[in-house]
Protein chains: 2
Amino acid sequence: MKLSFTKSAIFIALLFGMKAQAQQASWIWYPGDLDIWVSNKMQNRRTERGAFLPPFWKMDSHYVLVEFHKEFNLASAEEVSLYVEGQYNVKVDGQAFPGYPTKITVPAGKHKLSLKVYGQDKVPAIYVKGKNIVSDGTWLATFEDKEWIDASGKASDKSGTTYVSAGSWNLTDPLQLPSQFKLSTKPLEAAKTEPLDKGLVADFGRETFGFIKLHGLKGKGRLHIYYGESREEALSAGHCETLDLLEIDLKGKTDSVIGLSKAFRYVNCQPEGNVTLDKVSMLYEYAPVLEKGNFRCSDEQVNKIYDVARYTFHLNTREFFIDGIKRDRWVWSGDAYQSYLMNYYSFNESPIVKRTLLAQRGKDPVTAHINTIMDYSFYWFLGIYDYYQYSGDRKFVQDVYPRMKSLMDYVLNRRNKDGLLEWMPGDWIFIDWADKLSKDGEVSFEQLLFCRSLETMALCAAMANDTEAAATYKKLAAELKDKLFKLYWNESKQALVHSRINGQPTDNVTRYANMFGIFFDYFTPQQKQGVKQHVLMNDKINKITTPYMRFYELEALCAMGEQSYVLKQMKDYWGGMLDLGATSFWEEYNPDKKGAEHLSMYGRPFGKSLCHAWGASPIYLLGKYYLGIKPLTAGYETYLVEPALGGLEWMEGKVPTPGGEISLYCSKQEIRVKSDGGSGVLRFKSTVKPVVKGGAAVEVGKRTYELKLQKGIAYKVNYQK
Amino acid sequence: MKLSFTKSAIFIALLFGMKAQAQQASWIWYPGDLDIWVSNKMQNRRTERGAFLPPFWKMDSHYVLVEFHKEFNLASAEEVSLYVEGQYNVKVDGQAFPGYPTKITVPAGKHKLSLKVYGQDKVPAIYVKGKNIVSDGTWLATFEDKEWIDASGKASDKSGTTYVSAGSWNLTDPLQLPSQFKLSTKPLEAAKTEPLDKGLVADFGRETFGFIKLHGLKGKGRLHIYYGESREEALSAGHCETLDLLEIDLKGKTDSVIGLSKAFRYVNCQPEGNVTLDKVSMLYEYAPVLEKGNFRCSDEQVNKIYDVARYTFHLNTREFFIDGIKRDRWVWSGDAYQSYLMNYYSFNESPIVKRTLLAQRGKDPVTAHINTIMDYSFYWFLGIYDYYQYSGDRKFVQDVYPRMKSLMDYVLNRRNKDGLLEWMPGDWIFIDWADKLSKDGEVSFEQLLFCRSLETMALCAAMANDTEAAATYKKLAAELKDKLFKLYWNESKQALVHSRINGQPTDNVTRYANMFGIFFDYFTPQQKQGVKQHVLMNDKINKITTPYMRFYELEALCAMGEQSYVLKQMKDYWGGMLDLGATSFWEEYNPDKKGAEHLSMYGRPFGKSLCHAWGASPIYLLGKYYLGIKPLTAGYETYLVEPALGGLEWMEGKVPTPGGEISLYCSKQEIRVKSDGGSGVLRFKSTVKPVVKGGAAVEVGKRTYELKLQKGIAYKVNYQK
């Protein structure tokens, strides 16, 4: 035992040594601050018919004065380069260098290097690079030094300072300042341009996003630019949602790029006076993410749905996960929650998940729900634990936990006398865009999300070593779960009813609480079947008309093995949009509507967003419930592969994981699977005894087999569906 | 009755009409935000030997997204000019104008004008000017709109938005942007310049503050500038507290102004290379305040003390009331509290008081005491009520009350099991700069300030119509007062002891709690006499060596009628500094020290500030306890004039009040008094029956007379002291 312990210790030391050598310097700041700052910038880019349209909720700001430090033990003195955004000082062991040095020498031995930075307009940020001394997330940061001195100048030996790990996005170029962070661009030509009136209409072939470039602009007068996700919108000078009005006074032909990027497929340029222009092109603006996940199958319509969903999702994956590119260009928590899940099956970009979560949460004090919406506070909690499951990033949970706690304090303080949540001044109870959806009394859907959030808090508190709170949250969750079944479960309707008003459960059954109850696994097997039959597959229950809630509806059905039914729904619903010419998926789609009705929302003829992140859920459903790949423990350390063809002849795809990727091919006779990391289980049904290359399948139930998967091995299974 | 009511109504309407006409547009912002923003800027101007030295406490920031609105009822349409700092939209009745208009027309009738402004780098601020529509403190502001819509675009009829009165400093010039706010400057020449080594030393004749101007600068090389409040400091290249190092490369002679203003009397310029310069002058930087208060008397030394105190105070009256002009240039609450009181007897600048209070308090959440110092939180509460007493500005108390409440919540949450306050991690218990002053256990001084703060909270809660909280605070204060006498009053020592350690009162008697107990009026008449004899006038009790605590020590003695004794002390202590050549009053003065010892502090040879606001207390003592003028009810609605010559042959002076000024002349035979507003009482003792011009004196006690004072009447009393 002793020997093996020593060995491990050496091994760990070597690992750490390697890690330190491989470490790269990156820009750091107070955690969450650049997230908030950049999101403020992004969310204040919305315009509506030329007027600035900022969010209505509180926007926080960064800490303007931040101290960063780390202790280093150097074998020899080293020169360190300093890059700083803000006004700053640099100290070694508390002794300041005069001025604003860009290079210092840190002597050999154990020394504390600290920088204190003031930045009102920009986030205080530093980039420090020596041979061993590099700035990264292992540095500590604080926004207040609780230190003091006596009259002799001696500092107190008692400090009350709270230090946290510095924030970082892995920005490793010292000359790329965090305040200059921006997305990539590339030039794109219009697919087609046609003259119209005195101007022209350019069609970029599909929904897109970027900066319009005007070529050969000349003359004196005005130029109106009307943007449209649809041709109808671009041609509607009086009702298109976004527009630009330029005052032109150019003697010679000039090319000019419009400073604010926008969403469109069609651009209608209408000059006044003697203004002319040759053509328009664009600088496509995009997040430079890799498409790590993939899905292909025997059904070309499903492949098209997958491609358009992935494009829709890419367009809405920007500095943060936003709701829609035409409007609102904001970070809505309920929308982003779905984007996180889609992301795990496509780009798997952890930085964007973390930054969106931090941006949404902002700073204390909590004065409202996230985006002011009660349900949106709950999705925020859930998103953090999901992120942990998919990434294995325990440190993020620990770092964000204090902000989880203060948000949950806010929620707990708003319980009514029965311990339930109902509307209070300032709350928006959203649920979904649906006509005549009652928000009165205590809505079961909100209690369900509240309960799941408490369970999440218990898990995260434990990870943050707050065991006392973990126990409290666990107890609160159990009590609430018990209560909500007592209050809302209606045995004769085999459903959770929608709400309780004046202390009485209503008769109203909606899909919301019931479908969440399925994949939260809150129901007994019997209740599950009851809900499926009486609610989910019951046409008399009000239909859902947003992809937003169709996401969960279909997820619930998939979780119960209804992949064949869901595939048909998917083809109908998303295929329905494609049939109407969609080049990206919409904010809302009601098959009962006709023609231009599909473009209107919020009482405005072109109010609807035709490229909405929540429209892209097939990415998630196909990866998680058809390829059937999901983590069983955090970061795919263990995982399950349980393919379900749902009527397809064959499918293949890959899912990104922290350790690499898991790739799968599945037909009715053959399964091939390979993973770059973790320990997996392939579970499948076969009417015959399967033949396995690479391992051995074990029969674990009636015609059900399991094959243990090790990393790096290409397994091939011949079976019979 | 009916008639008179109608008359009044007409009269009120006329008054309002007049007021509306007289109303001036001013820049407005979210209350407290410009205060915080400008104070961040100011407090980050400190340097120490060339290194940036920012505060150690948390610096807050402004709300980056703010909505402003007001409803107007217009007889006819009017054109309104808009000036905005930030990115904005403008709406009339919720309907946005496109773009960023600088002029709009508001139609006749009742309309709501709103602007929403985003400013990350600068405080969102607006200036709106029409004939009737003007921006001012009557506008409402919010940092979050708790409004939401349904799928039809209809806004909810239930709002949870909290609106507060907009903040304003009465900046009435639309072209003077709030973010450009700065103090005034004027050129000043050095009193004397002498050559030294390769350079020169300029002596500006007395302590001063501003931007150094270098005349006829030429050559290539470096120029060192060493600043000194004393000649010794300016000549100590290695130890002066502030310095500049310039890289010069100038072919022809050039004049140049250094960008960062500093404190100095002496400036030592030492060139390297072939750099030469002809001379230095300065741009004196100052707050353009009027010296509304005054004091003159038969003792020329006292007059000199008053003048130097007023100059000291003016130098430290800047964007905010700061502690000292060499260092720290920060807003310390304990220091500022004394400045407020001095201000009421000199400049009477309400805006600087309010802005300092708001800057200190910053934003929620409260994470530390103000400046991290426990006593400094308490002075902050006290300062607000004092401000109300002297200004009558009830609205400010109401506006700031929520921030008072959250700070008091923080304090209340830090009580120990006995309901007392003792050191906790993060607390700095300051009291005073004094050797071996124990901060262990529960210090009586802190409980006393805590108790006074609770009393203050009770008064302010009542003003803010929070009657429930008012009752709670009142009860808490009464309980604490009772407790502190039980715990700390030592009958045999006739004093409150300094502290309680491990549940046991110590034997240690210090002046602090005892002198505050006097002017808080916490003692019985007997206890007062005991404290006076056994503590305040007892040389065996450790002496106070800072003007900071001498302020309260002398105030306590004045409050007990010891003006003659205090005058001698004042002449000794402040006269002692003058005898040593002081041109402004110091941070600390211990008459027992010698020579250069007077310049050192905090273990640094020139660490002491020779121009510290708290050195200026004679302004306050002479006004309040010699002229004897003070408000009895808020804003001098009623006031007392109770002159005390304290051994002087005569004195004269004036005290500014919200209604104008109160002027007084008093010799041993004659008193002349006149006030511009309020109802006053002149109280004086006379051995003969006084002869009064302008009114009639009433004998109210043994040889004590009172004369009622009405505004505008010049009273003259002949009497015999």
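Rules and cut-offs
- Residues numbered from 1 in each chain as written.
- Chains lettered and ligands numbered in written order.
- Predicted model: local features only at pLDDT ≥ 70, side-chain atom pairs only at ≥ 80, totals over all residues.
- Heavy atoms only, no water.
- Axes fitted to C-alpha atoms, helices over the stretch in contact; angles between N-to-C directions.
- Helix = DSSP H or I, 4+ residues; strand = E, 2+ residues; numbered from the N terminus.
- Parallel < 35°, antiparallel > 145°, perpendicular 65-115°, else oblique.
- Left-handed = near helix turned anticlockwise from the far one by under 90°.
- Contact = heavy atoms within 4.5 Å.
- Nonpolar A, V, L, I, M, F, W, Y, C, P; charged D, E, K, R; others polar.
- Disulfide = S-S within 2.5 Å.
- Buried < 20%, exposed > 50% of the residue type's maximum accessible area, 1.4 Å probe, protein only.
- Buried area = accessible area lost by both parts, 1.4 Å probe.
- Salt bridge = Lys/Arg side-chain N within 4 Å of Asp/Glu carboxyl O.
- Polar contact = N/O pair within 3.5 Å; in protein donor to acceptor, adjacent residues only side chain to side chain.
- Least-squares fit on C-alpha atoms with pLDDT ≥ 70 in both.

- Going by the annotation in an unreviewed UniProt entry, the name recorded for chain A is Alpha-L-rhamnosidase, with Pedobacter africanus given as the source organism.

What about the packing of helix α6 (residues 350–361) of chain B against helix α7 (residues 374–391) of chain B?
Residues and elements named next belong to chain B.
Turning to step 1, where the next piece is worked out: Contact geometry of α6 with α7 gives a least axis separation of 11 Å together with a crossing angle of 160°. When the interaxial angle is binned, α6 and α7 end up roughly antiparallel. The two elements α6 and α7 meet at a crossing, and its hand is left-handed. Residues Ser 350, Val 353, Lys 354, Leu 357, Gln 360 and Arg 361 of α6 lie in contact with α7, whose contacting residues are Trp 380, Gly 383, Ile 384, Tyr 387 and Ser 391.
Turning to step 2, where the next piece is worked out: When its residues are assigned to classes, the contact of α6 with α7 shows five nonpolar, four polar and two charged.

A few points about the state of the cysteines
Residues and elements named next belong to chain B.
Turning to step 1, where the next piece is worked out: Under the definition given, this model contains zero disulfides over all chains.
Turning to step 2, where the next piece is worked out: Unpaired in this structure, Cys 451 has its nearest cysteine sulfur neighbour in Cys 460, at a distance of 15 Å.
Turning to step 3, where the next piece is worked out: The closest cysteine sulfur to the non-disulfide-bonded Cys 611 is located on Cys 240, 18 Å from its own sulfur.
Turning to step 4, where the next piece is worked out: The buried category is assigned to Cys 611, whose relative accessible area is 0%.

As for the interface of chain B and chain A
Reports often express the size of an interface as the amount of accessible area lost when the parts come together.
Turning to step 1, where the next piece is worked out: Across the contact, 60 residues belong to chain B and 60 residues belong to chain A.
Turning to step 2, where the next piece is worked out: Of the roughly 4,900 Å² buried at the junction of chain B and chain A (both faces included), carbon and sulfur atoms supply 61%.
Turning to step 3, where the next piece is worked out: When the buried surface of chain B facing chain A is broken down by residue, Phe 52, Gln 120 and Trp 148 of chain B rank first, second and third, together holding 13% of it.
Turning to step 4, where the next piece is worked out: Connecting chain B to chain A are zero salt bridges.
Turning to step 5, where the next piece is worked out: On inspection of chain B and its partner chain A, the count reaches 22 residue pairs in polar contact (both at pLDDT 80 or more).
Turning to step 6, where the next piece is worked out: Here the side of chain B that touches chain A is built from residues that sort into 31 nonpolar, 15 polar and 14 charged.

Some points on the relation of the copies chain B and chain A
Turning to step 1, where the next piece is worked out: Once chain B has been moved 0.0 Å along the axis and rotated by 180°, it coincides with chain A to within an RMSD of 0.1 Å. When the rotation and shift are considered jointly, the pair of chain copies conforms to a two-fold rotation axis. Relative to the rotation axis, the closest C-alpha in chain B is found at Asp 121 of chain B, a distance of 1.9 Å.
Turning to step 2, where the next piece is worked out: Mapped onto chain A, 100% of the interface residues of chain B are again interface residues, and the two copies thus contact each other with one and the same surface.

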